[in-house]
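Tertiary structure, described
For reference, the chains in residue letters:
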There are 6 protein chains.
Amino acid sequence: MAELTHFDEGGNAHMVDVSGKAVTDRLATAESAVKMTPETLALVTEGTAKKGDVLGVARLAGIMGSKKTSDLIPLCHPLPITKVTLDLTPDASLPGIRIRATVKTSGQTGVEMEALTAASVAALTVYDMLKAAEKGMEIVQTRLLRKEGGKSGVYDISGEAQS
Amino acid sequence: MAELTHFDEGGNAHMVDVSGKAVTDRLATAESAVKMTPETLALVTEGTAKKGDVLGVARLAGIMGSKKTSDLIPLCHPLPITKVTLDLTPDASLPGIRIRATVKTSGQTGVEMEALTAASVAALTVYDMLKAAEKGMEIVQTRLLRKEGGKSGVYDISGEAQS
Amino acid sequence: MAELTHFDEGGNAHMVDVSGKAVTDRLATAESAVKMTPETLALVTEGTAKKGDVLGVARLAGIMGSKKTSDLIPLCHPLPITKVTLDLTPDASLPGIRIRATVKTSGQTGVEMEALTAASVAALTVYDMLKAAEKGMEIVQTRLLRKEGGKSGVYDISGEAQS
Amino acid sequence: MAELTHFDEGGNAHMVDVSGKAVTDRLATAESAVKMTPETLALVTEGTAKKGDVLGVARLAGIMGSKKTSDLIPLCHPLPITKVTLDLTPDASLPGIRIRATVKTSGQTGVEMEALTAASVAALTVYDMLKAAEKGMEIVQTRLLRKEGGKSGVYDISGEAQS
Amino acid sequence: MAELTHFDEGGNAHMVDVSGKAVTDRLATAESAVKMTPETLALVTEGTAKKGDVLGVARLAGIMGSKKTSDLIPLCHPLPITKVTLDLTPDASLPGIRIRATVKTSGQTGVEMEALTAASVAALTVYDMLKAAEKGMEIVQTRLLRKEGGKSGVYDISGEAQS
Amino acid sequence: MAELTHFDEGGNAHMVDVSGKAVTDRLATAESAVKMTPETLALVTEGTAKKGDVLGVARLAGIMGSKKTSDLIPLCHPLPITKVTLDLTPDASLPGIRIRATVKTSGQTGVEMEALTAASVAALTVYDMLKAAEKGMEIVQTRLLRKEGGKSGVYDISGEAQS
């Protein structure tokens, strides 16, 4: 059975010692999505052009949110992030907004949580910007898509453990 | 068509003026869930008893996260929260962890974002605690369940606009 | 000679007691400006349309910055801000960007520092966004334009002590 | 025409990838100034001796502010600062307070924004400490004086592109 | 046996509901002390005059620390503090520095933790400023001296439950 | 006489330049303790089993607090912490809770303040969780036990300057 690294042998939470791990380039990509009615989605797609840039505000919130990851997630190590990008795309088939966040660092531990936090904060911000129009929106499918770097190598959701 | 209150007439983002709104008791309840394999869920349910309290750590992260809402969501007003509770429940039928967050304040604007942020940060923390065991977990169905207080009255997901 | 309220009789810094002051509606407006070459200004005005929204990013930074005022300014009281707006306007005669920030609260102390901080953080962000093009930009004339509320009444830069 | 590095080809804001840049010693010096009446300046110069240390408080605020730069400026990378100094000097010819901030790091990106933020927060704090005496003070001439390190080499305001 | 209000009936941590409590004036005073050798204490007392203001820096750190209390203590409510003072006094009989912090608010819950946090952060800062001279210093006797306001009335360490 | 490194020759506070110091592995261990009545201690020891996990909450607060050290202590350098552990042990002979915190980093400056801050925040949180039962608790003996790494080598409280 897999071991929960965030607890010691006594079952007490700790911030695990990564001081012996190699400094390598790390990358993680995560996604999230906000499901809404076609009418609400129209507010976004029209708004971007002329009434208010929902996606621009959410993108910035996601970038800034990724920098707060170790503040939010109790056992996360603080990391010097070297890149954050967020793509927010209207998707009429959802209908809603699809979010993809990519984070890089060069360090001793991965940036999965930074990418997931960026995507989540962007999704929450989309909700906040549109909640006056629709309270029933739903944030769905927040998950890790890909992870590179570190001893465990590449993880890709389309098939684990590539190398 | 509904108006996006976070933008002015020129389409520029602003923190909307709530100074004219009444101070009323406000409550919001939100939920989220983390879907995982039965094997990962077993780590949580066994761990709570003897190996490490995943749910206790996530609960605390959610409570502390709700206090950072106005820091994370660009156009949110800072609010003096008067109560936060988080319930985290293992659900074998998911399989995974169900999260429910309730936040109260007495103020001029609602606490939907505080409740949604609490639930999201708790879900991210569950992911973080368990990711050594399973990277493919997914955060699903983050949404507002209920909102009370303010001019718009009660919103309940089971049927809007009660009073 | 005026008294420096942030020090006690012994000359020690303290956060002054405002518990006896009335809760009144408070408003403050501050301005700042970033001076640059006409070529750099052209990057902003063209960029807003098609290459990147410098002013939108700076506006958001200013709004979020105003919420951190009591974190940045040692003796500032934390305040429940009820409104923040920022106007950023290209001005060919400067040449550069003019920034105006307005903040409101209902409380026991004024929001001058919140408005000045919002304007300053927006100005710093304009600098950051454009520094790859021009390092010699200058932030000029950050000052309070107007203040309403509290015992001292209205202050307006165009002529003090109106009422 | 210079390129705005904080936007991608689609014009979307991102935190630019610095992971491929060399880790070098970086230094930046910025200045700011707070202009006031001779009477207000006298409060500072006399106060330092016996009534309250305005410059000491502002110096500390500037140092602490520089550590919050990546929190305030949306697209700034978090950086492990290795040195911060602030000089605050009364200048009767202004009249007012001149501020100079120097920041160092060893990293993949420069510390211009950290130095400018340190100077700005110190200036705002000077304003806060003295606003009971004079609301009409003005923060002037916040600008970068010098930058060392990184691919672009030395920038000095007295004549660009030394090497 | 007294009840631990920070846990619900199931033993789960929560931020307790204070929304039904009266808004009253609240005050708390706490103390702490840093014990050191007479030689180290001499560095402080001489330094205040001419080499560096240890007590001034620690005082400011304590004031700013009190504003971070709800960020640091997981189940603390965020509170609009209306006053913070810190007295730091060299005491040759300790030998060392005695710290006393007083915090006020008008709210639904007390400010004991804000006063204790202010005193603790000031004590840690004294340690930091002097640790190059002496690593063996000790922070002793951090405790609540007095509390006013709220249903439980006055608590004073010299004899509980005055009224 | 030892020199206070946090001040320059003019007696002004600064964040000392560590850019020339070697990057070495650093470790620090600190302790603190919360003294209480046997009745209050019984609430903790019984509560851990069935009524609420005081020590688990305090442990997490200490871990998260260590990450805020450079935010709290004005002249501390921000550091990429690589490990934090906290042990909290009931001690009937105190009577009360003993706290021990260990922090590691690989950097240019030590982590004494991070370990002391972790221990202090955990102690404050123990107080907060139990103050409904006993206001007279006291935080005692917060001190550095051991420090490794850096030019000054090993410090151990049981006898300085081992190597």
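Residues numbered from 1 in each chain as written. Chains lettered and ligands numbered in written order. Predicted model: local features only at pLDDT ≥ 70, side-chain atom pairs only at ≥ 80, totals over all residues. Heavy atoms only, no water.

1. What about the overall build of chain A?
Keep this limit in mind: We count a stretch as a helix when DSSP gives it H or I for four or more residues in a row; a strand needs E for two or more, and each element gets its number in order from the N terminus. Remark: exposure states derive from per-residue accessible area (1.4 Å probe, protein chains only) relative to the maximum for the residue type, with buried under 20%, exposed over 50%, and partly exposed in between. Contacts are assigned to residue pairs that have any heavy atoms within 4.5 Å of one another. All accessibility values rest on the Shrake-Rupley procedure with a 1.4 Å probe; residue burial counts only the protein chains present in the view. This count recognises Lys and Arg as positive and Asp and Glu as negative, with His and chain-terminal groups excluded. To locate a charge, take NZ of a lysine, CZ of an arginine, CG of an aspartate or CD of a glutamate.
Per the secondary structure count, chain A includes four helices and five strands. Starting at the N terminus, the α and β elements of chain A follow one another as β-α-α-α-β-β-α-β-β. Principal-axis analysis of the C-alpha atoms gives chain A an extent of 50 × 35 × 30 Å. Across the 163 residues that make up chain A, the buried fraction comes to 65%. At a minimum sequence separation of 6, the contacts of chain A that also span at least 24 residues come to 69%. When the accessible surface of chain A is summed, it comes to about 5600 Å², and 48% of that surface belongs to carbon and sulfur atoms. Averaging the coordinates of the 18 positive side-chain charges in chain A and doing the same for the 20 negative ones gives two points 5 Å apart.

2. Observations regarding the packing of helix 2 (residues 54–66) of chain E against helix 4 (residues 112–130) of chain E
Residue and element names in this part refer to chain E. Here is the rule: In this description, a line fitted to the C-alpha atoms serves as the axis of each element, helices being fitted only across the stretch in contact, and the angle between N-to-C directions of two axes falls anywhere from 0 to 180 degrees. By definition, turning the near helix anticlockwise from the far helix through less than a right angle yields a left-handed crossing, and turning it clockwise yields a right-handed one. Note on residue classes: Ala, Val, Leu, Ile, Met, Phe, Trp, Tyr, Cys and Pro are nonpolar, Asp, Glu, Lys and Arg are charged, and everything else, Gly too, is polar.
Orientation of helix 2 relative to helix 4, taken along the N-to-C sense of each, is 145 degrees, at an axis distance of 7 Å. Crossing of helix 2 over helix 4 shows right-handed handedness. Residues V54, V57, A58, A61, G62, G65 and S66 of helix 2 pack against E114, T117, A118, V121, A122, T125, V126, M129 and L130 of helix 4. Split by residue class, the contact of helix 2 with helix 4 holds 10 nonpolar, five polar and one charged.

3. Re the pattern of salt bridges
Which entries qualify depends on this criterion: A side-chain nitrogen of Lys or Arg and a carboxyl oxygen of Asp or Glu constitute a salt bridge if their distance falls within 4 Å.
Within this structure, the stated rule accounts for 54 salt bridges over all chains. For the salt bridge of E112 of chain B with K147 of chain B, the shortest nitrogen-to-oxygen distance reads 4.0 Å. Residue E112 of chain B is located in helix 4 (residues 112–130), and its partner K147 of chain B is located in strand 4 (residues 138–148); the two are separated by 35 residues in the primary sequence. Each of the two residues, E112 of chain B as well as K147 of chain B, counts as buried. One salt bridge in this structure joins R98 of chain F and D91 of chain F, with 2.6 Å as the shortest N-O distance.

4. Regarding the environment of V34 of chain F
Residues and elements named next belong to chain F. Following the sequence through the fold, V34 ends up in strand 1 (residues 24–35). Classification of V34 as buried rests on a relative accessible area of 0%. On a C-alpha basis, the gap between V34 and Q141 in space is 8.8 Å, while along the polypeptide they are 107 residues apart. Residues within four places of V34 in sequence aside, it is in contact with L94, P95, G96, I97, I99, A123, V126, M137, E138 and I139.

5. Overview of the interface of chain C and chain D
The figure often quoted for interface size is the accessible area lost as the parts come together. Worth spelling out the cut-off: Two parts placed together each lose some accessible area under a 1.4 Å probe, and the buried area is that loss summed for both.
The partner chain D presents 54 residues to the 53 residues of chain C that form the contact. Contact with chain D buries area across many residues of chain C, yet L4, L124 and K135 of chain C alone supply 14% of it, more than any other trio. Summed over the shared surface of chain C and chain D, the number is two salt bridges. As a salt-bridge pair, D71 of chain D and K68 of chain C come within 3.9 Å of each other at their nearest N and O atoms.

6. Description of the side chain of D128 of chain C
To keep it simple, the criterion reads: In protein, a polar contact means a hydrogen-donor-capable atom and an acceptor-capable atom, both N or O and within 3.5 Å, with residues adjacent in sequence counting only if both atoms are side-chain atoms; elsewhere, any N or O pair within 3.5 Å suffices.
Among the structural elements, D128 of chain C can be located in helix 4 (residues 112–130). Classification of D128 of chain C by relative accessible area gives buried; the value is 1%. Engagement of the side chain of D128 of chain C in a polar contact is seen with the side chain of K131 of chain C, the distance being 2.7 Å. Here the side chain of D128 of chain C touches H6 of chain D through a polar contact of 3.1 Å, side chain to side chain. Excluding its chain neighbours within four sequence positions, the residues that come into contact with D128 of chain C are H6, I73, L75, C76 and M113 of chain D.

7. Here's the deal with the relation of the copies chain E and chain F
Worth spelling out the cut-off: To superpose the copies, least squares is applied to the C-alpha atoms of every residue with a pLDDT of at least 70 in both.
For the match of chain E to chain F, the screw axis carries a shift of 0.0 Å, the RMSD comes to 0.0 Å, and the turn is 180 degrees. What the rotation and shift describe, once combined, is the action of a two-fold rotation axis. Across chain E, the rotation axis passes nearest the C-alpha of V140 of chain E, at a separation of 2.4 Å. Comparing contact sets, 100% of the residues at the interface of chain E also lie at the interface in chain F, consistent with an isologous, same-surface contact.

8. Describing the relation of the copies chain C and chain D
Take chain C, turn it by 180 degrees, move it 0.0 Å along the axis, and it overlays chain D with an RMSD of 0.0 Å. An overlap of 100% is found between the interface residues of chain C and their copies at the interface of chain D, pointing to a shared contact surface.

9. Some details on the arrangement of the chains
A minimum C-alpha distance of 10 Å separates chain A and chain E, which share no contact. Chain C shows no contact with chain F. Their nearest C-alpha atoms sit 10 Å apart.

10. A look at helix 4 (residues 112–130) of chain D
Short version of the rule: Expected helix span is computed as 1.5 Å times (number of residues minus one).
The end-to-end C-alpha distance of helix 4 of chain D, which contains 19 residues, comes to 27 Å, matching closely the 27 Å that a straight helix rising 1.5 Å per residue would cover. With 19 of its 19 residues buried, helix 4 of chain D lies for the most part within the structure.

11. Some thoughts on helix 2 (residues 54–66) of chain A
Spanning 13 residues, helix 2 of chain A covers 19 Å between terminal C-alpha atoms, matching the ideal 18 Å at 1.5 Å per step. Burial of helix 2 of chain A is extensive: 13 of the 13 residues sit out of reach of the surface.

12. With respect to the interface of chain E and chain F
Under the convention used in this document: Strands are treated as partners if at least two bridges between them are detected by DSSP.
Contact with chain E, which involves 53 residues of that partner, is made by 54 residues of chain F. Both sides of the chain E and chain F interface together cover about 4600 Å² of buried area, and 70% of this is carbon and sulfur. Considering only the side of chain E, the residues that lose the most area to chain F are L4, L124 and K135 of chain E, jointly responsible for 13% of the buried surface there. Inspection of the region where chain E meets chain F yields six residue pairs in polar contact (both at pLDDT 80 or more). Put simply, the parts of the chain that give the side of chain E that touches chain F at least two residues each are helix 1 (38–49), helix 2, helix 3 (69–72), helix 4 and strand 4 (138–148) of chain E. Residue contributions to the side of chain E that touches chain F peak at 12 residues, all from helix 4 of chain E. Direction of pairing for strand 4 of chain E relative to strand 4 (residues 138–148) of chain F: antiparallel, over a ladder of four bridges. If you follow R143 of chain E over to strand 4 of chain F, its bridge partner there is E138 of chain F.

13. Considerations on the side chain of S66 of chain E
Note that S66 of chain E resides in helix 2. Residue contacts for S66 of chain E: discarding those within four places in its chain leaves I81, V84, E114 and A118 of chain E.

14. Some thoughts on the UniProt feature "binding site: substrate" (unreviewed entry) in chain A
Our working rule: UniProt positions are given in the numbering used here, feature names are shortened, and annotations may be inferred rather than shown by experiment.
Per the UniProt record, "binding site: substrate" (unreviewed entry) is annotated on L75, C76, H77, M113 and E114 of chain A. Over a stretch of 40 residues, the named residues converge on one spot in the fold, their C-alpha atoms separated by at most 12.6 Å. In this fold, C76 of chain A is placed in the loop between helix 3 (69–72) and strand 2 (81–91). You can call C76 of chain A buried: its relative accessible area is 7%. Contact partners of C76 of chain A, with chain neighbours within four places excluded, come to M15, T69, S70 and M113 of chain A, D128 of chain B together with K67 of chain F. Of the residues examined, H77 of chain A reaches a relative accessible area of 7% and is grouped as buried. In this structure H77 of chain A touches M15, V16, V18, S70, T109 and E114 of chain A together with I81 and T82 of chain F, once residues within four positions along its chain are discounted. Side-chain polar atoms of H77 of chain A contact the backbone oxygen of V16 of chain A, separated by 2.7 Å.

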